[in-house]
Amino acid sequence: MNWDLTSYFPTFDGPEMWSFKQDLNRDLAQLQNTTQALGPLAADSRDGWAEALIQAEDLLRRLSHLGSYLGCLTAAAAINEAYRREEAAFAVIEAEGEKLEVEFMRGLRNAGDDEIAALLQHEQLQGCNHYVSRIRERAQYTMSPEQERLTADLSVDGIHAWGRLYDTISGKLEFDMNWPDGRVERLPISQRRSLMARPDRAVRKAAFEGGSEAWEQVADVAASAINAIAGARLTLNGHRGIEHFLDVALFQAKISRRSLDAMFEAISCNLDLPRQIIDLKAKLMGTTGVAWYDLEAPLPLPEEVSDDDDGIHWESAKKMTADSFAEAYPALGEFVHQMYEREWIEWEPRLGKRPGAFCTGSLLTMEPRIYMTYNNTLGDVRTFAHEAGHAFHHHVLRQTRPYRHLYPMTLAESASTFAEMILTEGLLADPEVSAIDKLRILDMEVAQGATFLLDIPVRYEFEKAFHEERASGEVEVSRLKELMCENQRRIFGDSLESGGEDALFWASKLHFYITGVTFYNFPYTFGFLLSRGLFAHFHEEGPDFLPRYEEFLRLTGSDSAENVVRASIGSDLESPEFWRQAIDTLREPVQQLRSTLAAD
């Protein structure tokens, strides 16, 4: 592996790791016993609950440490059976952590405001008010403690097992790449996406078709997994008194339904903009519309490189990113150099790696790690900048208590996209970047807008439709394909060429199978547009805005998204106008791209 994981444990399966696990299991069990013996929060149990919250925060640190370590190992070597066994064993430990949360919900569920205020007066619970309020809110929608504990146990071999099964299948899956020159190459599925970002449409189509054939072979397994995951959630919602499946997603995202509806209302009223981007691509390709495998492809520009070109090597990508960050945001540039020096990045393409990219980190060491598969493209450089934004968010919070690190995806994705925008501006201003590369970068900027305003709304609408049908029983493979294609055609409109749908996108997209978060997709669009709002302030105020930006990052785990944004930049997320203005920031780069192409 490329990254250094020794700050987690010197060796996998070594004495340090086993001692850590043994102590963690023991302390979890002891705290469970302690909290079970406590009565509901009252004057005579207040000190006991305060001490339990303090100990639970330490356990949170340690759980994040072990979970992050195992997540790194199993992503980078999905075929390693020892890693997978340990990941499955960790699911049991996580279940014990969930059972501990059950006790906190039992203890705080009926506590009055005065009792909660008195609890939070404890000197070691300063800054925990948001975390405690979240426990109380969640506690209103729970089953009996006995049922919740049983649910935590069953989830290990139930909903989470289906997620692990999908991870294993996707990590092992390979496809036949039929190159236009007649070569046939067996490749890991993790390389399919980068091939669908190649300039040559024949290459993209071959990667799409080869990958689709591979996913078709495991479609029944993927359908079983997605049905089981959604079915388990819907069943639990019914027993917990949760009226609508989106209520859980909203709680996890820390947003109101008004904010979500405001965002999608603004997108729906401005679909002309992302469709213009897609139509421009189709026009330059000489097609009547785009196919799904064209979405991440570059525009067919003059002097386009051939598919034999080596692209942007990893060392060059590192320099491009660091230089762009350092110019606009010195603290971010310094941090990314630290990541290079300490080897916190897993980037190499090889067999056995899971597809996708992520940033993870330990609340014990306060060190992040970035995982990706780098395939020498500009898109990969952008992906790296995206994950570096997440890592910097983790870094900014390093001196805050773990309870204030529990920020939602909606705000996490704004930090990552903010870093992408810094990269883009840096490359566009760099005199060493050629004119044709700057055109490609501008193309990527507007194409990303189309992704967040079309592709991710497709995922959201598919997930809603799927959950509505799943409430009446399992949804077959054929119907899953229909639902995906119907939503792709409806949202893309005539911009999607006839037959250009990806009927198996529900199977190939990892985000539909993440069991810890429901409706994993819409937060990406939320964060993308929010970051554009933040970046507009950066443009107006210059470096003076960066302390406010870091304050925004520090607040992300301490309040609702609406309150964090109101406190940091004074904007109202429940207003469609905020989202419309964010969408409008894309109009200038779209016009700039049109003008540049017309001039050429």
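Quick summary incoming for the structure in this document. No experiment lies behind these values; they were computed from the predicted model shown.

Criteria and cut-off values
- Residues numbered from 1 in each chain as written.
- Predicted model: local features only at pLDDT ≥ 70, side-chain atom pairs only at ≥ 80, totals over all residues.
- Heavy atoms only, no water.
- Helix = DSSP H or I, 4+ residues; strand = E, 2+ residues; numbered from the N terminus.
- Rg over C-alpha atoms; globule rule 2.2 N^0.38 Å.
- Buried < 20%, exposed > 50% of the residue type's maximum accessible area, 1.4 Å probe, protein only.
- Contact = heavy atoms within 4.5 Å.
- Pairing = 2+ DSSP bridges.
- Lys, Arg positive; Asp, Glu negative; His and termini not counted.
- Salt bridge = Lys/Arg side-chain N within 4 Å of Asp/Glu carboxyl O.
- Phe/Tyr/Trp six-rings, centres within 6.5 Å; stacked < 30°, edge-to-face > 60°.

**Examining the overall build of the protein chain**
Moving on, step 1. From N to C terminus, the protein chain includes 25 helices and 5 strands.
Moving on, step 2. Relative to the compact-globule value of 25 Å for 600 residues, the protein chain shows a C-alpha radius of gyration of 24 Å, a close match.
Moving on, step 3. Seen along its three principal axes, the alpha-carbon backbone of the protein chain occupies a region of about 75 × 55 × 50 Å.
Moving on, step 4. By residue count, 57% of the 600 residues in the protein chain fall in the buried class.
Moving on, step 5. Across the protein chain, every contact between residues at least 6 apart in sequence was considered, and the portion connecting residues at least 24 apart equals 76%.

**Describing the sheet that holds strand 3 (residues 345–346)**
Moving on, step 1. Strand order across the open sheet formed by 3 strands is 3-5-4, with mixed pairing between neighbours. A single partner strand is all that each edge strand has here, and the edge strands are strand 3 and strand 4 (358–361).
Moving on, step 2. Both strand 3 and strand 5 (residues 368–371) contribute to a ladder of 2 bridges, which runs parallel. Bridge pairing in strand 5 places Glu346 opposite Tyr371.

**Remarks on the side chain of Arg192**
Moving on, step 1. With respect to the secondary-structure elements, Arg192 resides in helix 8 (residues 192–195).
Moving on, step 2. For the buried Arg192, which has no salt bridge, the nearest side chain bearing the opposite charge is Asp502, at an N-O separation of 4.8 Å.
Moving on, step 3. Once you skip the residues sitting within four places of it in the chain, Arg192 turns out to touch Phe175, Ala207, Phe208, Gly211, Ser212, Trp215 and Ser508.

**Some points on the side chain of Glu387**
Moving on, step 1. By the element assignment, Glu387 lies in helix 16 (residues 378–396).
Moving on, step 2. Arg193 provides the closest opposite charge to the buried, salt-bridge-free Glu387, at an N-O distance of 8.2 Å.
Moving on, step 3. For Glu387, the residues in contact, after removing those within four places along its chain, are Ala357, Phe358, Cys359 and Ile370.

**Topic: the environment of Ile436**
Moving on, step 1. Position of Ile436 relative to the elements: it lies in helix 18 (residues 435–470).
Moving on, step 2. On the basis of relative accessible area, Ile436 is assigned to the buried category, the value being 17%.
Moving on, step 3. Distance in space between the C-alpha atoms of Ile436 and Gly493 is 30 Å, their sequence separation being 57 residues.

**Digging into the pairing of strand 2 (residues 184–188)**
Moving on, step 1. The pairing of strand 1 (residues 174–178) with strand 2 spans 5 bridges and is antiparallel. Across the sheet, Met177 pairs through a bridge with Glu185, a residue of strand 2.
Moving on, step 2. Counting the residues that bridge the hairpin from strand 1 to strand 2 gives 5 residues, and of these Gly182 lies at a positive phi of roughly 100°.

**Observations regarding the packing of aromatic side chains**
Moving on, step 1. This structure, assessed with the given rule, holds 38 aromatic pairs.
Moving on, step 2. Where Trp3 meets Tyr371, the ring centres are 6.0 Å apart and the plane angle is 40°; that geometry is what we call tilted. Here the residue Trp3 occupies a position in the segment before helix 1 (15–36), and Tyr371 occupies one in strand 5, the gap between them amounting to 368 residues.
Moving on, step 3. Ring geometry for Phe462 and Phe466: centres 6.1 Å apart, planes at 5°, overall stacked. Of this pair, Phe462 and Phe466 both sit in helix 18, 4 residues apart, roughly one helical turn.

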